[in-house]
Amino acid sequence: MAIHENLLGGPPPTHLPDDPEPREMLAAGTAPSDVAAKYPASSLAWAQLADDAFEGGRVVESYAYARTGYHRGLDALRRAGWKGHGPVPFEHEPNRGFLRALHALARAAQAIGEQEEYERCSTFLRDSSPTAADTLT
């Protein structure tokens with residue numbers, strides 16, 4: 001038996017490939033809009049835009065950025081073999097952009113009164129990564 005075998009029979013964790021350039025640009029202080037323009041597939045850049053907009057009181061803008069990051073992340077997850085469910089570990093840093101975008105989408109949905117979307121996204125976040133759900137809230 002392999003050490004990391006999933007004994008519950010569920011799908012294996014999905015680990016997105018590393019894309020360090022957007023992360024490094026953001027860490028160096030590059031404007032998230034510039035990072036998103038250069039790397040439009042980066043969920044991390046869109047999640048940062050969503051966070052910045054939300055902190056600035058621009059909730060609808062945050063919702064739009066978060067939704068973009070969420071969909072870019074879903075595309076990346078599918079390319080990585082994800083079948084629509086299963087763990088997306090927060091501990092794997094390349095997964096964090098998607099998880100942050102999903103959290104930002106839930107937060108913005110709640111702020112604009114879209115309760116069903118908030119609940120769907122919150123459940124999806126917790127099901128994907130309990131660590132992310134606990135860390136990001």
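Rules used throughout
Residues numbered from 1 in each chain as written. Predicted model: local features only at pLDDT ≥ 70, side-chain atom pairs only at ≥ 80, totals over all residues. Heavy atoms only, no water. Buried < 20%, exposed > 50% of the residue type's maximum accessible area, 1.4 Å probe, protein only. Helix = DSSP H or I, 4+ residues; strand = E, 2+ residues; numbered from the N terminus. Arc of directions from axis to C-beta. Contact = heavy atoms within 4.5 Å. Salt bridge = Lys/Arg side-chain N within 4 Å of Asp/Glu carboxyl O.

Per an unreviewed UniProt entry, the chain carries the name DUF3151 domain-containing protein and comes from Streptomyces sioyaensis.

Chemist: How would you explain helix 1 (residues 20-27) if you had to name every residue and give the values?
Modeler: Those residues of helix 1 that sit buried are P22, M25 and L26. For helix 1, the angular spread of buried residues about the axis comes to 95°, placing them on one side. Exposed residues on helix 1 whose side chains face more than 90 degrees from its buried face are E24 and A27. Looking at the buried side of helix 1, the elements it contacts are helix 2 (32-38) and helix 3 (43-55). Taken from the residues just after helix 1, G29 is the one with a positive phi, measuring 95°.

Chemist: Talk me through the pattern of salt bridges; I want residue IDs and the actual numbers.
Modeler: With the rule as written, the count across this model stands at nine salt bridges. A salt bridge links E93 to R23; the shortest N-O distance between them is 3.4 Å. Of this pair, E93 sits in the loop between helix 4 (59-79) and helix 5 (96-111) while R23 is found in helix 1, placing the two residues 70 residues apart along the sequence. Judged by relative accessible area, R23 falls into the partly exposed class, the value being 22%. R126 serves as the salt-bridge partner of D134, at 2.9 Å between the closest nitrogen and oxygen.

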